[in-house]
Amino acid sequence: MTTRHRPTQIKKLHVNGDYTIFVTPDQVQINIGIVTEGKNVTDIQKRNAETTSAVISAILQLGIANEKIKTTEFRIEPVYDFENGQQHFIGYRVIHQLQVNVSDIALIGPVIDQAIANGATSVSNIQFSVSHPERYYQNALKKAIEEAHQKAIVISQTIDAVLNPTPLKIEELSNRPVPYQSVQLFKSSATPIQPGEMAISANVKVEYQYFPRHRQQ
């Protein structure tokens, strides 16, 4: 009599792994605005240009390269006042927005102070980042995969199974930097700015194959 063996059923195990690396930013992007208003459009455009040139010159003197400063917006618009439901023309407004990319965190405060001292009317949208974030992400990805593997080992040992250590499939779920607040203030005699930290995370879903330790014949 021939004994037939039941085909071995492939059993799969799915585990998630995640890891986060906190990195101190090493660069920042700042938006600086110069706004002038008046009745004579030619006059206020000239004043705006002079103020903008003064702001740029002061920033350059701090060691910021010229190519790190660019205009992101320039517009001239009429200004109206409303009285008793009526619209009254009162003049013009010239708006010039500069974007400054600073690669030395220590210069953030001086850049802001010099811009305001030379006529800038607004500083906004300060965005911290890290150069070469992919290097940190690759490290986080490695750690996330290792964590998933350790989970698979623990689960297989718990259910008394033999784990195939080579994954059948690895899926990346997300990789996005997230702002993280730091409790340590930026040390500067100028305007104090808190860079905090950037959280670079890697998340994976890993599929393994395992077998019962005692197979039925």
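Further up the page is the structure itself.
The rules behind the values
Residues numbered from 1 in each chain as written. Predicted model: local features only at pLDDT ≥ 70, side-chain atom pairs only at ≥ 80, totals over all residues. Heavy atoms only, no water. Pairing = 2+ DSSP bridges. Helix = DSSP H or I, 4+ residues; strand = E, 2+ residues; numbered from the N terminus. Axes fitted to C-alpha atoms, helices over the stretch in contact; angles between N-to-C directions. Contact = heavy atoms within 4.5 Å. Expected span 1.5 Å × (residues − 1). Buried < 20%, exposed > 50% of the residue type's maximum accessible area, 1.4 Å probe, protein only. Salt bridge = Lys/Arg side-chain N within 4 Å of Asp/Glu carboxyl O. Phe/Tyr/Trp six-rings, centres within 6.5 Å; stacked < 30°, edge-to-face > 60°.

Can you tell me about the sheet that holds strand β3 (residues 69-83), naming the residues and giving the values?
Within the open sheet, the four strands sit side by side as β3-β4-β2-β5. Their pairing is antiparallel. Strands with a single pairing partner mark the edges of an open sheet, and in this sheet they are β3 and β5 (122-129). If you compare each strand with its neighbour and ignore which way they point, the axes differ by 20 degrees on average. The pairing of strand β2 (residues 27-38) with strand β4 (residues 86-102) spans 11 bridges and is classified as antiparallel. Across the sheet, residue isoleucine 34 finds its bridge partner in β4, namely histidine 96. Against the sheet, helix α1 (residues 41-60) contacts β2, β3 and β4, and its axis sits at roughly 155 degrees relative to β2. Of the strands in this sheet, β2, β4 and β5 are in contact with helix α2 (residues 108-117), which crosses β2 at around 5 degrees.

Mind laying out helix α3 (residues 133-158), listing which residues take part and the relevant values?
Residues lying three or four places apart along an α-helix face the same way, a consequence of the helix completing one turn every 3.6 residues. With 26 residues, α3 extends 38 Å from end C-alpha to end C-alpha; this agrees with the ideal 38 Å at 1.5 Å per step. Along α3, the residues that are buried comprise Tyr137, Ala140, Leu141, Ala144, Ala148, Ala152 and Ser156. Against the buried residues of α3 lie β1 (11-23), β6 (161-174) and β8 (197-212). Of the residues flanking the end of α3, it is aspartate 160, one or two places downstream, whose phi is positive at about 55 degrees.

Give a description of the pattern of salt bridges that names residues and reports values.
In total, this model carries seven salt bridges according to the counting rule given. A salt bridge links glutamate 73 to arginine 75; its shortest N-O distance comes to 1.9 Å. By relative accessible area, arginine 75 is classed as partly exposed at 33%. Residue arginine 75 pairs with glutamate 77 through a salt bridge whose shortest N-O separation is 3.0 Å. What emerges from the salt-bridge pattern is a single network uniting Glu37, Glu73, Arg75, Glu77 and Arg93.

Now, about the packing of aromatic side chains: what can you tell me, with residues and values included?
Counted under the stated rule, the structure contains two aromatic pairs. Between phenylalanine 89 and tyrosine 92, the ring centres sit 5.1 Å apart and the planes meet at 75 degrees, which makes this aromatic pair edge-to-face. The class for phenylalanine 89 is partly exposed, based on a relative accessible area of 44%. Three or more aromatic residues joined by ring pairs make a cluster, and in this case those are Tyr80, Phe89 and Tyr92.

Can you explain the pairing of β8? Please cite residues and give values.
Where β1 and β8 come together, 13 bridges link them in antiparallel fashion. Pairing of valine 23 across the sheet is with methionine 198, part of β8.

Please set out the environment of isoleucine 44 residue by residue, giving values where relevant.
Among the secondary structure elements, isoleucine 44 is positioned in helix α1. Looking at isoleucine 44, the relative accessible area reads 0%, which means it is buried. Contacts of isoleucine 44, omitting those with residues within four sequence positions, involve Thr36, Glu37, Gly38, Tyr92, Arg93 and Val94.

The values reported here are purely geometric and, on their own, carry no functional implication.
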